Every structure is written in C-alpha cells, then in structure tokens.
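Overview (structure and organization)
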Amino acid sequence: MKKVFSIVLLILGLGSLSAQSFVKQYNSGFNQNRSILSNDTLKILAVMVDFQEDKYDATIGTGKFGSHYTQAYGDTILDPLPHNANYFSDHLLFAKNYYQKVSRGKLNISYKVLPDVITVTKTMRDYVPAYQSKDFTPLANFASEVWKLADEKYSNIKFSDYNLFIIFHAGVSSGLDLGTFSIDRNLPSLYLGQSAFKKVYGDQFTGISTRSGKIINSIILPETESRELTAVDNSKILIQITINGALAANIA
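Because the structure is a prediction, the values reported are computed rather than measured. (Residues numbered from 1 in each chain as written. Predicted model: local features only at pLDDT ≥ 70, side-chain atom pairs only at ≥ 80, totals over all residues. Heavy atoms only, no water.)

**Description of the overall build of the chain**
The condition that has to hold: A helix here means a DSSP run of H or I that spans at least four residues, while a strand means a run of E at least two residues long, and both kinds are numbered starting from the N terminus. Exposure is judged per residue with a 1.4 Å probe applied to protein chains only, and the accessible area is read against the type maximum: over 50% gives exposed, under 20% gives buried, and values in between give partly exposed. Any two residues whose heavy atoms approach within 4.5 Å are treated as being in contact. Residue-level accessible areas treat just the shown protein chains as cover; the underlying method is Shrake-Rupley with a 1.4 Å probe.
On a plain count of helices and strands, the chain comes out with five helices and nine strands. Taken from N to C terminus, the helices and strands of the chain fall in the order α-β-α-β-α-β-β-α-β-β-β-β-β-α. Per-residue burial over the chain gives 49% buried out of 252 residues. Long-range pairs, those at least 24 residues apart, make up 77% of the contacts in the chain between residues at least 6 apart in sequence. Only carbon and sulfur atoms are counted for the fraction: they give 50% of the accessible area of the chain, which is about 12600 Å².

Okay, here's the thing in structure tokens:
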C-alpha cells in the first residue's frame, strides 16, 4: 500500500498537457507526512471559495471563479467552465477512480462538494505569505476562516463524518513557473495537517472548531492551473493544465 501512495507523489502533472515542465517547488516545509488511514474509506468534504474582488497584477483573475479567462473557450479544453459543484465533483470522481485502480480496490474515496460558493473577507493576496517568509499564518487563517464560514452556512453538515477537507478556490496557484519573471501573489497549493497548524497556532491547537467536531487538515487547491499568456502579437494563448495531478498528489 505504501508503494502505491509513493507513486502518486511523482505525478503532479497527471492529466495535464505539459504540467511537469512547469511545476516549481513551494519549499515551505509546511507539508507534513501523513499516515494512511487504518480503514478503507477516505471521506472528503470540499468547499468552493472565492475572494473579495481585486484587479491586481500579481494575481490572475479578480478573485472570482472563471475570471482568469478573458474569452470563451467552450467545453473542449481541459477544465472548461463553469467551475461549479458538478465540475469539482467530476475531479473528485477522477481521484476516486484513480485510487480504486492503483490500490487494487483497497482504498475507497467518498466525497461531497458543498453546493454554494463561500466568499472570504479579504482578497487573495492577503492570504499569501510574504516573499520568502517562513510565517504561514495567512494560509492557516485562510483555512480557518473558510471552515468557520462553512460551519455557519451549513448547519445540516456533520463535519465529524469526514476525515479530509479540501478548499477549491477561485483562480490559479503559485505552483507553476512559466519562464517569466513576475511577482506572484496567487495562493500556493498544499496540504495543511495538524502539525502544520500547530506551527502557527501553537501546541494547544486541536483543530478548527465546528458545531460537529474539529477539522485538523485542509488541502488548498485552485479551480484550475490553466491560464492565458500574451503572445508577441498581443493575442491570447491558453496554457491548459488540469488540477487532477495536484489533487491526486495532495490526497496521497
């Protein structure tokens, strides 16, 4: 089983056109090793999150879903719009099928995507650590705010029924290097475990409190890694990179 999961760490570009050549390290030391669950079902709860609208050169899009595209591309591209609950459920179905196959049926994934978008109180850049900073408080605060807002909105959700929590946010991540120098204030994609939260909140941290239990982890992922580049003639070129690989790797 451990061999199965170690393989996943090599496939950040799974399902993309050329993601492997673009992936850059987010060397935060913030991701923690996680043991495989003792049971055979991983129960995932996912939420869609957008930000306060912001037209800022160092982030892609305005903080709202779909705003990173300046034109319509139809449904033949990777990660086509609309990016709604059905869209993210399809990505989780990919992860479910992938792990069913590579684990030879030993790992089952069940999942639920909350139906409505939750809007946090700040712009995307406000939740990103400063350049080369070792203080990841903004990311921990982002996850904490998201799940507290979700708990307030969804009184019928029993958070204790789930053991992995995913935040799908509007926009792209800072995890790709397309060979152009620029300031990047997009959110990184990563997994925050309990030990990671303790680095921010101290050893007394036991989880993000909800009415039905505590949340001790969060995966942070963008709606897509596809993005537009401007050609020399000022036309737009769409670089297509799906989130399937990053999703599978972070679940591992």
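**Quick look at the pattern of salt bridges**
For the record, the criterion: When a carboxyl oxygen of Asp or Glu is within 4 Å of a side-chain nitrogen of Lys or Arg, the pair counts as a salt bridge.
For the coordinates displayed, the defined rule picks out four salt bridges. Residue Lys-64 is joined to Asp-50 by a salt bridge in which the shortest nitrogen-to-oxygen separation is 3.5 Å. One end of the pair, Lys-64, is in the loop between strand S1 (41-50) and helix H2 (85-102); the other, Asp-50, is in strand S1, and 14 residues separate them in sequence. Judged by its relative accessible area of 26%, Lys-64 falls in the partly exposed class.

**A closer look at the confidence of the model for the chain**
Convention followed: The pLDDT value tells you how sure the predictor is about a given residue, anywhere from 0 up to 100.
Summing up the model confidence of the chain, the mean pLDDT is 85 and the portion of residues at 70 or higher is 82%. Low pLDDT (under 50) marks residues 1-33, which in the prediction has 74 contacts with non-local residues, meaning those over four places away or in another chain.

**Regarding the sheet that holds strand S4 (residues 190-192)**
Within a sheet, each strand pairs with its neighbour through backbone hydrogen bonds, oriented either parallel or antiparallel. Put simply, the rule is: We call two strands paired when DSSP finds no fewer than two bridges between them. Under this scheme, a helix contributes an axis fitted over its contacting stretch, all axes are lines through C-alpha atoms, and angles between N-to-C directions fall in the 0 to 180 degree range.
Read from one edge of the open sheet, five strands run S2-S1-S3-S7-S4, paired in mixed fashion. Among the strands making up the open sheet, the edge pair consists of strand S2 (108-119) and S4. Here the average twist between neighbouring strands, direction ignored, is 20°. As paired strands, S4 and strand S7 (residues 218-222) are joined by three bridges and run antiparallel to one another. The partner of Leu-190 across the bridge, within S7, is Ile-220. Sitting on the sheet, helix H5 (residues 244-251) is in contact with S1, S2, strand S3 (164-169), S4 and S7, with an inclination near 170° to S7.

**What about the pairing of S7?**
The buried fraction of S7 amounts to five of the five residues, a majority that puts the element mostly inside the structure. Alternating residues of S7 divide into Ser-218, Ile-220 and Pro-222 and Ile-219 and Leu-221, and every residue in both groups is buried. The sheet contact formed by S3 and S7 spans four bridges and is parallel. Residue pairing across strands places Phe-168 opposite Leu-221, the latter belonging to S7.

**Examining the nonpolar core**
Across soluble globular proteins, nonpolar side chains show a tendency to be buried alongside one another. Applied cut-off: By nonpolar core we mean a set of buried residues, namely Ala, Val, Leu, Ile, Met, Phe, Trp, Tyr and Cys, connected to one another through side-chain atoms within 4.5 Å.
Membership of the largest hydrophobic core comes to 31 residues, with the highest contact counts inside it found for Phe-142, Trp-147, Ile-167 and Leu-187. The element that contributes the greatest number of residues to this core is helix H3 (residues 137-153), accounting for seven residues. The contacts of Phe-142, once residues within four sequence positions are left out, are Val-49, Phe-51, Val-120, Tyr-127, Ile-167, His-169, Leu-187 and Ile-220. Residues Ile-44, Leu-92, Ala-95 and Phe-168 belong to the second largest nonpolar core, which totals 25 residues.

**Section: empty space enclosed by the protein**
We count it as follows: Only protein atoms enter the 1 Å grid, on which a cavity is a set of points fitting a 1.4 Å probe that cannot get out and a pocket is an open set with protein on both sides within 12 Å along at least 5 of 7 lines, lining residues being those with an atom within 4 Å of a point. Grid points are joined across faces, edges and corners, and a volume is the space filled by probe spheres set on the points. Residues are grouped as follows: Ala, Val, Leu, Ile, Met, Phe, Trp, Tyr, Cys and Pro are nonpolar; Asp, Glu, Lys and Arg are charged; all remaining types, including Gly, are polar.
Inspection of the entire model under this criterion finds one cavity of 30 Å³ or more. Within this model, the largest cavity holds a volume of roughly 60 Å³. Together, Phe-51, Gln-52, Asp-54, Thr-59, Ile-60, Gly-61, Thr-62, Gly-63, Thr-123, Met-124 and Arg-125 line the largest cavity. When its residues are assigned to classes, the lining of the largest cavity shows three nonpolar, six polar and two charged.

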